[in-house]
Amino acid sequence: MKDMDQAELQRILGDKKALRQIAGSADAQALAQMLQRGQSQASLKHIAERAAKGDTSQLKDLISTITSSPGGAELLSRLSGSLGQK
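Residues numbered from 1 in each chain as written. Predicted model: local features only at pLDDT ≥ 70, side-chain atom pairs only at ≥ 80, totals over all residues. Heavy atoms only, no water.

*Asks:* How should helix H3 (residues 26–38) be read in this particular structure?
*Replies:* Since one α-helical turn is 3.6 residues long, residues separated by three or four positions face the same way. Asp-27, Ala-28, Leu-31 and Met-34 are the residues of H3 that are buried. Along the long axis of H3, the arc covered by the buried residues comes to 120 degrees, so they all point the same way. Those residues of H3 that are exposed and angled more than 90 degrees off the buried face are Ala-26, Gln-33 and Arg-37. (Buried < 20%, exposed > 50% of the residue type's maximum accessible area, 1.4 Å probe, protein only. Helix = DSSP H or I, 4+ residues; strand = E, 2+ residues; numbered from the N terminus. Arc of directions from axis to C-beta.)

*Asks:* Is there a simple way to explain the environment of Glu-49 in this structure?
*Replies:* Its place among the elements puts Glu-49 in helix H4 (residues 41–52). The class for Glu-49 is partly exposed, based on a relative accessible area of 40%. With ten residues separating them in the primary sequence, Glu-49 and Leu-59 have C-alpha atoms 10.0 Å apart.

*Asks:* Honestly, the environment of Ala-23 in this entry has me stumped. Any pointers?
*Replies:* Turning to its location among the elements, Ala-23 is positioned in helix H2 (residues 16–23). The spacing of Ala-23 and Leu-79 is 56 residues in sequence and 9.6 Å in space, taken between C-alpha atoms. Apart from the residues within four sequence positions on either side, Ala-23 is in contact with Ala-28 and Gln-29. (Contact = heavy atoms within 4.5 Å.)

*Asks:* Can you walk me through H4 in this structure?
*Replies:* Between its first and last C-alpha atoms H4 spans 16 Å; for twelve residues at 1.5 Å apiece the expected length is 16 Å, and the two agree. Residues of H4 that are buried: Leu-44, Ile-47 and Ala-51. Around the axis of H4, the buried residues are gathered within 60 degrees of arc, so they sit on the same side. Seen from the open side of H4, the exposed residues pointing more than 90 degrees away from its buried face are Gln-41, Ala-42, Lys-45 and Ala-52. Where H4 is buried, its residues touch H3 and helix H5 (57–68). Phi turns positive one or two residues past the end of H4, at Gly-54, with a value near 110 degrees. (Expected span 1.5 Å × (residues − 1).)

Written as structure tokens, this is what we have:
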């Protein structure tokens, strides 16, 4: 996703059909399971709210945890590729 520019990301986020397709994918479901393993829904919501306000430290920690887990980095790479194809 590093190679994706802001305009492309905005286009993808505006494409509801593509987002539904990606969200329903096996990779997205696997990511959701990884996120829920160590975090409660309230905790995930708190992390997202802080990131939306500009404090991304907890989000970075969460992503780091996923990328260091077995298969996590590959999963994020596949999802990033899916976003880039839409």
